[in-house]
Amino acid sequence: MRAPATLEKQRDRRPAGRLTRRRIEEDREEAVFREVVSFTPDPLPVRYYDKDTTRPISFYLSSLEELLAWRPDAEDGFNVALGPPECRQPPLSSRRPRTLMCHDMMGGYLDDKFIQGSATQTPYSFYHWQYIDIFVYFSHHTVTIPPVGWTNAAHRHGVCVLGTFITEWKDGERLCQAFLAGDEHSYRAVADQLVLIAQFFRFDGWLINIENSLSLAAVGNVPHFLQYLTSQLHQQVPGGLVLWYDSVVSSGQLKWQNELNEQNRVFFDACDGFFTNYNWREEHLERTLGQAGERRADVYVGVDVFARGNVVGGRFDTNKSLELIRKHGFSAALFAPGWVYECLEKGNFFQNQDKFWSLLERYLPTHSICSLPFVTSFCLGMGTRRVYYGQEEAVGPWYHPSAQEIQPLFGEHRLEGDGQGWVKTHCCLEDAWNGGSSLLIRGLIPPEVGNVAVRLFSLQVPVPPKIFVSLVYKLEGPSAVGVALELTTGDAGSCHVGGISVLSAETSSRRSPRPLRVPPTKLAKWVGRCGQQLSGGWVQRCYEVTLRGCLLQDLFVNFSRPPGSQKEENFICRLGELQVVDANSLLTPLPQVQAVTVSHVRWQPFASEWEGGPAGLRLSCTLHWAYLLPRVRCFRIHCCRGSEGGSPSSGPSQPGRPRLLGLAFVNRYRIVGLAVAAAEPGQDGRVEFLVEPVPKEGFLVPQAEWGKAAILYSMPRT
């Protein structure tokens, strides 16, 4: 794809002020930009930036004209996903029935549109990713481009993401007539644009939803449009998908069928899958069987979780729908499972969401991540405060979907037989090691057993010669139970994903790794806290594992009764981080953040919020830098020195001490409304920005290796 090179050229043409360079420590350069403060408005394009704050936002296209006119632009760079979906097993191309989640919430583009996050207090958050295979972002705009936060979170879990192309009502008829009723040039131009958008923004395809009548000329071209769109997408987007929604029939009538039949089969044959309408009964499924043949898994039977109309199940009875769908071997399409957020008490959201998905668990086969490094802090991408390695950085609500880390298998697990032992996992915002939340594990060890264990993750990773594993945890209360990490391994010739109950001694085994006590010098950054009591009561345990010819299949946490105890043991344990890292990757030098530049500078006058504080300025600007994105989890953006302001909860920052501004998941970040001191007459004010890379392996990078840029600013002469 050639667009990124274009972006670099456009970006380089728009520096802020005059660039000077000076040498700093370790023979590295710091870019210094000179600015004369001006309050002249310099508006940014409203498609890409919030008109009130200039924060970057995700966007949609509202017409055929907008779609055909769109070209990759420098401003689009904020909305590009970090990378493709992580490797997973089984692959989406397998014939196993799949689970699709179609996210439709109050028109879409709510707080999730703010690419760099927002201060939302009670946002909707989805975290049962291990149960789904496809995520569709749905709205009633003509071209719904998924907000990048959803794409990043889904891809991190190996889930592919689709946008929506929808036409409706009389306007939809006119739009379809314009691009479908003519020759192939018209519909191919639309398809080419849809492919380019998916390729550029790094999501994985489209749900095509034509919900209006079509002329005979237009409906005759729909299969050709679908075939061309599907073939082009497969060429440009590996693993890409095009799905058709059950609406129009081959005569051109808008006539929902609730099944696959002769009236809509032509559309199914032209693309990757068929999403049925919701008012089906079991006889519809039985008739669909005969039409689908070997492509049963490509039929996504729609389930409206709101239970609108004459439907099977829905709401907390959605399991009834899933039971029939799986009975016949079809995939399932869950429409608007955000019902638990929209219609139920917000204060009980997590409990209600866990209840909803636990009722479906038996019908939702999980998938496994199959690549290293595997690192998670269990952060939901939201919180009531920000924590970094046990240290509180900021207080106040925040919501940033891109910052959601890999989520585990949630639920309650009970011992087999008559035993009373159990373990339950759920997310918790009350404490965190890194981010805004942690994983809370409650359980009971009955007197008759020595331990209980819970499976957190299913993996399919060929084990390299040596891996290092780390677990950060803390026990709540007086419990003295033992906490240990356990791995399930299997023969590398087998790719079977198994739960606890189906593991056998011949093909797999559970191993307790031996602690890593004296790490190699080059690994000191990664293992520097191993075995130590950390701030906030956290403990980090590190392990070394050497296994050859094996697959790493599962990660468990085992809780064992204290020595000498004969009684029932209750425990509450909080997990803050889990890491599985190829030892060789820790020996590879990290790239440095380079070429930090500043653009789109905007100044506003500012009256200090603190009593007695001087009047100052509000600075907004965009940072750009160069870095290899496949090597990074995210970037942490800091400011220091000349800054006088801070968040309302933290008060003024300390000069010279870096203060976190936010997180970036691309090589750019928009700083908005940063409070800085007004420069004295004849003097320069100064603010410095630091770009800290966070490696995928999860260790701290020394500040000397961060990217740096500074703005020297002066007031205009009067």
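For the structure itself, look to the data block above.
Conventions and cut-offs
Residues numbered from 1 in each chain as written. Predicted model: local features only at pLDDT ≥ 70, side-chain atom pairs only at ≥ 80, totals over all residues. Heavy atoms only, no water. Helix = DSSP H or I, 4+ residues; strand = E, 2+ residues; numbered from the N terminus. Areas by Shrake-Rupley, 256 points an atom, 1.4 Å probe, with all protein chains shown as cover. Buried < 20%, exposed > 50% of the residue type's maximum accessible area, 1.4 Å probe, protein only. Contact = heavy atoms within 4.5 Å. 1 Å grid on protein atoms, 1.4 Å probe; cavity = no way out; pocket = protein on both sides within 12 Å on 5 of 7 lines; lining within 4 Å. Points joined across faces, edges and corners; volume = space filled by probe spheres on them. Nonpolar A, V, L, I, M, F, W, Y, C, P; charged D, E, K, R; others polar. Domains from an automatic or database assignment. Pairing = 2+ DSSP bridges. Axes fitted to C-alpha atoms, helices over the stretch in contact; angles between N-to-C directions. Phe/Tyr/Trp six-rings, centres within 6.5 Å; stacked < 30°, edge-to-face > 60°. Polar contact = N/O pair within 3.5 Å; in protein donor to acceptor, adjacent residues only side chain to side chain. Disulfide = S-S within 2.5 Å. Core = buried A, V, L, I, M, F, W, Y, C linked by side-chain atoms within 4.5 Å.

**Student:** Could you give an account of the overall build of the protein chain, naming the residues involved and the relevant values?
**Tutor:** When you go through the protein chain residue by residue, the secondary structure sums to twelve helices and 34 strands. Taken as a whole, the protein chain presents about 29100 Å² of accessible surface, with 50% of it coming from carbon and sulfur.

**Student:** Lay out helix α3 (residues 148-156) in plain terms, naming residues and giving numbers.
**Tutor:** Owing to its 3.6 residues per turn, the α-helix aligns residues three or four sequence positions apart on the same side. With nine of nine residues buried, α3 lies mostly within the body of the structure. When α3 is considered as a whole, its buried residues turn out to be V148, G149, W150, T151, N152, A153, A154, H155 and R156. In this structure, the buried residues of α3 make contact with β4 (99-103), β5 (134-137), β7 (160-168), β13 (368-369) and β16 (391-399). At the C-terminal side of α3, G158 shows a positive phi close to 75 degrees.

**Student:** So, the side chain of H328: which residues are in play, and what are the values?
**Tutor:** With respect to the helices and strands, H328 occurs in the loop between α9 (318-327) and β12 (331-335). Classification of H328 by relative accessible area gives buried; the value is 8%. Those residues within four positions of H328 in sequence are excluded, and the remaining contacts are E282, L285, E286, L289 and R296.

**Student:** With reference to specific residues and values, describe the environment of L68.
**Tutor:** On the secondary structure map, L68 appears in helix α2 (residues 64-69). When near neighbours in sequence (up to four residues on either side) are disregarded, L68 contacts A189, V190 and Q193.

**Student:** Mind laying out empty space enclosed by the protein, listing which residues take part and the relevant values?
**Tutor:** One water molecule sets the probe size; rolling that probe over the atoms shows where empty space is left. Applying the stated criterion across every chain, the model contains six cavities of 30 Å³ or more. Considering the residues around the largest cavity, the lining is formed by 14 residues, among which F78, I115, A664, F665 and V666 are closest to the centre. When contributions to the lining of the largest cavity are tallied by element, the ones reaching two or more residues are α3, β31 (659-664) and β32 (668-677). For the lining of the largest cavity, the class distribution of residues is nine nonpolar, four polar and one charged. A domain-level breakdown of the lining of the largest cavity finds at least three residues from each of domain 1 (31-46 + 589-714) and domain 2 (62-110 + 126-369).

**Student:** Outline the sheet that holds strand β28 (residues 594-606), supporting the account with residue identities and numerical values.
**Tutor:** Taken together, three strands build an open sheet; the order of strands is β28-β29-β32 and the sheet is antiparallel. The open sheet terminates on both sides in strands that have one partner only, identified here as β28 and β32. For this sheet, the mean angle separating the axes of adjacent strands, direction not counted, is 20 degrees. Sheet analysis places strand β29 (residues 616-626) next to β32, joined by eight bridges and oriented antiparallel. Looking at the pairing, H624 lines up with R668 of β32.

**Student:** Let's hear about the packing of aromatic side chains: which residues, and what values?
**Tutor:** The final tally for this structure, using the stated rule, is 41 aromatic pairs. Aromatic pair Y127 and F350: ring centres 6.0 Å apart, planes at 40 degrees, arrangement tilted. A residue pair is termed long-range when its members are at least 10 positions apart, and Y127 in the loop between β4 and β5 and F350 in helix α11 (residues 349-360) qualify at 223 residues. F350 gets classed as partly exposed once you look at its relative accessible area, which sits at 21%.

**Student:** I'd like a rundown of the side chain of S565, residues and numbers included.
**Tutor:** Along the chain, the position of S565 falls in the loop between β26 (550-560) and β27 (569-582). Using a relative accessible area of 13% as the deciding quantity, one classes S565 as buried. Among the polar contacts listed, one links the side chain of S565 to the side chain of E569, at a separation of 2.7 Å.

**Student:** Any details on the state of the cysteines? Residues and values, ideally.
**Tutor:** As used here, a disulfide is simply a covalent bond connecting the sulfur atoms of two cysteines. Inspection of every chain in the model, using the stated rule, returns one disulfide. The residue that forms a disulfide with C87 is C370, at a sulfur-sulfur distance of 2.1 Å. The sign of the S-S torsion, about -85 degrees, decides the handedness of the disulfide formed by C87 and C370: left-handed. Here the residue C87 occupies a position in the loop between α2 and β3 (88-89), and C370 occupies one in the loop between β13 and β14 (374-376), the gap between them amounting to 283 residues. Residue classification places C87 among the partly exposed residues on the basis of a relative accessible area of 39%. The cysteine C640 is free of any disulfide, with C639 supplying the nearest cysteine sulfur at 7.0 Å.

**Student:** Any details on the nonpolar core? Residues and values, ideally.
**Tutor:** If you look at the biggest cluster of nonpolar residues, it comprises 154 residues, and the most contacted ones within it are F165, F225 and F559. Composition of this core by domain shows at least three residues from each of domain 2 (62-110 + 126-369) and domain 3 (374-587). The residues touching F165, leaving out its near neighbours within four places in the chain, are L67, T142, V143, L175, F179, V190, L194, W206, L207, I208, N209 and I210.

**Student:** Quick one: what's the story with the pairing of strand β30 (residues 632-640), residue by residue and with numbers?
**Tutor:** Most of β30 is tucked away, with nine of its nine residues classed as buried. Here β30 runs beside strand β33 (residues 685-695); their pairing, made up of eight bridges, is antiparallel. From the neighbouring strand, C634 faces β33, where its bridge partner is V694. Taken together, the five bridges between β30 and β31 define a ladder with antiparallel strand orientation.

Keep in mind that these numbers describe shape and distance, not what the molecule does.
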